[in-house]
Protein chains: 2
Amino acid sequence: MMAHLSPFAPTTFPELPPIDGMRFATAEAGIKYKNRTDVLFAVFDPGTTVAGVFTRSKCPSAPVEWCREQLIAGGGRARALLVNSGNANAFTGLKGRETVRLSAEAAAKAAGCAPSEVFLASTGVIGEPLDPQKFAAVLGDTAARVAPGPWLDAARAIMTTDTFPKVATRTVKIEGVPVTINGMAKGAGMIAPDMATMLSFIATDAPIAAPVLQGLISKGADKSFNCVTIDSDTSTSDTLILFATGKAAIAPIESPTDRRLGAFRRALESLLIDLAHQVGKDGEGLTKFVSITVEGATSPRSAKKIALSIANSPLVKTAIAGEDANWGRVVMAVGKAGEPAERDRLAIWFGDVRVAVAGARDPDYSEAAASAAMKQAEIAVKVDLGLGRGKATVWTCDLTKEYVAINGDYRS
Amino acid sequence: MMAHLSPFAPTTFPELPPIDGMRFATAEAGIKYKNRTDVLFAVFDPGTTVAGVFTRSKCPSAPVEWCREQLIAGGGRARALLVNSGNANAFTGLKGRETVRLSAEAAAKAAGCAPSEVFLASTGVIGEPLDPQKFAAVLGDTAARVAPGPWLDAARAIMTTDTFPKVATRTVKIEGVPVTINGMAKGAGMIAPDMATMLSFIATDAPIAAPVLQGLISKGADKSFNCVTIDSDTSTSDTLILFATGKAAIAPIESPTDRRLGAFRRALESLLIDLAHQVGKDGEGLTKFVSITVEGATSPRSAKKIALSIANSPLVKTAIAGEDANWGRVVMAVGKAGEPAERDRLAIWFGDVRVAVAGARDPDYSEAAASAAMKQAEIAVKVDLGLGRGKATVWTCDLTKEYVAINGDYRS
């Protein structure tokens, strides 16, 4: 757990304004870690709407199942959020479900609401039973301390192998009234699309009906977290939840075609991409942050599939770790994706350096220029398939010995 | 290139008997390596039949394209095989095709046959032009030295990052006549199904018609090389070719339903699995050889997809490297495969130790026993999905810092 700080760890963090109608506090429940916070408890004023997207794993965690059920059964209303780090409560069988039920009851009591209005998320080790008493022991005191900030403390409490807390904020004007969106995320390993984050929580004071909120967060996830892959390993616990307290003094937005949504949607997507990049930039053991753009594909779907094939290739990722402009491995990863590609139309760039064109090494290729591009901390790989207009960008990081060290010794 | 010797490197190698009708020699052509052989040239007597299976990459190497064309155009006849290591002649555009044409012509001249009867394979760096003059310079002398052995020399000439040469032999009696099958393989990285080997060449003296041979090798590949994955990265150059000289004194086998084929098929598949295991046991940087068996799936196809999802998971592979019985990551990999699975029916074993049952940790689980299982050099992971009768086994290795080191510095 003594991973080196990511080279992309920010030296300063943005100041997040309060979200009217949301208060929270953190606690040290001693679930796994010592001398650090591991519980986040947030309460929302009555009238708060909620939407979420979750892992597509066939073996989801107990909290993921709980949240899905409450979203359907509860009509999109939320009054509390309870999150812990150190234990994922995943693959814990009947006990796991019982823990979820008891935790929701304890949180509901502390928040003064129904258990169905409580949302839960857990992250950490899989397969270890999670003792619900850990929550019961701290919830009374924590509920008494809730406040509108600081968000950085909340982001810290949900970290596992993350080396820095991840927060972002945006403000837009709707009808001249400033509306705020705040977000936090955690995740550094077991990161792959479907959902690409492990946990992320967003809150806004905008008054947006739950079905509209659901459309916004689903589309937003596709453009952000679902474009990040660190190690191709989809988590059992991926959770992205968006809460809207409705406190901003504007008329409620109840239709997805409401024209006032445009600015909000853009701000939300910008915030989600910001957080997704932060997750990518804290990839376990990384030294490089890499964007992979595939264009000229037969469709955007095809472009994304090829981009992910490149982003998930251990040989591409180790070459980048070694600062080696090894475009042969990019060709290999294009070829194995199973999507339409014609070798002799391929062109490949590292940064601004075109290293291959028309299915062979670029005649003007300069190893020195390519090597210089590979020495950057942020590297853009571009592939033009020359077939159509499909385009996609995904983000990933390099694969280092440090990743192996972190994950060869995680449980102990 | 100074990788440590695989812990599974054999200390002795089998003695391979000659295959009547096949002779070969190796040469130092200086394609990339110094002071080692890098060219294998084999000649076959007239009447030799041939069949092969190749990478499904959309960006195959020039020699792969050549072999496919000759198999179709040449009616399954072969007179020569020319293989080199050090350069894959992949993604080399028009120049690559020209190299293939010139190399086949030079080999045909040396063997006294038509270029269409020459089969070619190249392995090594992708994207570097391969100079056909390298072959022309050594072929005359090499052709003058061809002999029925030793196969170990041939296997050595085609190695790249392999730490040991890979050979195997089987003998079966057909109509009381002993028939021999010899094989060699190379491959240690960029290994994933579709084909899972980079290069493997098999020869037999059995008289088997080319279409029958094709059926045998296709099915055999599915049961052997296509069940090995080292790093999920499918090569541009995967090639498996089976030659039959027909010298054994038995009546020709011209139908796939010929009852004499049974023993031959079993021997061939046993040999292919032997070579596939050798490839898996030379995985770059490995310390463990791992078999993953999934049973109780809804179909064999579904079982294999889940087994490969586990085998290719970086988190599972790093846990195995760390000798950590981290079955939570196995659950994760089952869940992300997208195939039917019910968390609460899952059971998982490491070796003989059942670590999880009915969707949770086994109540009788002993960390000490599981840890002892993880300390073995060969580790069997078994998952029972409890849904149906589909079953599959695949083979892989762990993911170590050494893999990252080898692949972060391959070109330089």
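The structure we're discussing is the one just above.
Fair warning: this is a prediction, and the values are worked out from it, not measured in the lab.

1. Structural notes on the packing of helix α11 (residues 401-408) of chain A against helix α8 (residues 314-321) of chain B
- Orientation of α11(A) relative to α8(B), taken along the N-to-C sense of each, is 70°, at an axis distance of 8 Å. When the axis of α11(A) is compared with that of α8(B), the two are roughly perpendicular. Packed against α11(A), whose contacting residues are Tyr403(A), Val404(A), Asn407(A) and Gly408(A), the element α8(B) presents Pro314(B), Leu315(B), Thr318(B) and Ala319(B) at the interface.
- Residue composition of the contact of α11(A) with α8(B), by class: five nonpolar, three polar and no charged.

2. What about the side chain of Thr48(A)?
- Relative to the assigned elements, Thr48(A) resides in the loop between β2 (39-44) and β3 (49-54).
- Sequence-distant contacts of Thr48(A), defined by excluding residues within four places in its chain, comprise Gly76(A), Arg77(A), Ala78(A), Phe243(A), Ala244(A) and Thr245(A).

3. Overview of the interface of chain A and chain B
- Taken together, the contact between chain A and chain B spans 62 residues of the former and 62 residues of the latter.
- Here chain A and chain B share an interface that buries about 5000 Å² over both sides, 58% of which is from carbon and sulfur atoms.
- In this structure, the connection of chain A to chain B is made through six salt bridges.
- Across the salt bridge formed by Arg97(B) and Asp344(A), the nearest N and O atoms sit 3.1 Å from each other.
- Our enumeration of links across chain A and chain B arrives at 14 residue pairs in polar contact (both at pLDDT 80 or more).
- Only α1 (62-73), α2 (93-111), α8 (314-321), α9 (327-336), β13 (360-361) and α11 of chain A provide two or more residues apiece to the side of chain A that touches chain B.
- For the side of chain A that touches chain B, the leading source of residues is α9(A), giving eight residues.

4. Notes on α1(A)
Residue and element names in this part refer to chain A.
- The first and last C-alpha atoms of α1 sit 16 Å apart over 12 residues, in line with the 16 Å expected at 1.5 Å per residue.
- Of the positions making up α1, those classed as buried are Ala62, Pro63, Val64, Trp66, Cys67, Gln70 and Leu71.
- Where α1 is buried, its residues contact β3, α2, β5 (118-125), α5 (210-223) and β9 (239-244).
- Backbone geometry just after α1 places glycine 75 at a positive phi near 70°.

Cut-offs used in this document
- Residues numbered from 1 in each chain as written.
- Chains lettered and ligands numbered in written order.
- Predicted model: local features only at pLDDT ≥ 70, side-chain atom pairs only at ≥ 80, totals over all residues.
- Heavy atoms only, no water.
- Axes fitted to C-alpha atoms, helices over the stretch in contact; angles between N-to-C directions.
- Helix = DSSP H or I, 4+ residues; strand = E, 2+ residues; numbered from the N terminus.
- Parallel < 35°, antiparallel > 145°, perpendicular 65-115°, else oblique.
- Contact = heavy atoms within 4.5 Å.
- Nonpolar A, V, L, I, M, F, W, Y, C, P; charged D, E, K, R; others polar.
- Buried area = accessible area lost by both parts, 1.4 Å probe.
- Salt bridge = Lys/Arg side-chain N within 4 Å of Asp/Glu carboxyl O.
- Polar contact = N/O pair within 3.5 Å; in protein donor to acceptor, adjacent residues only side chain to side chain.
- Expected span 1.5 Å × (residues − 1).
- Buried < 20%, exposed > 50% of the residue type's maximum accessible area, 1.4 Å probe, protein only.

That's the geometry; what it means functionally is another story.
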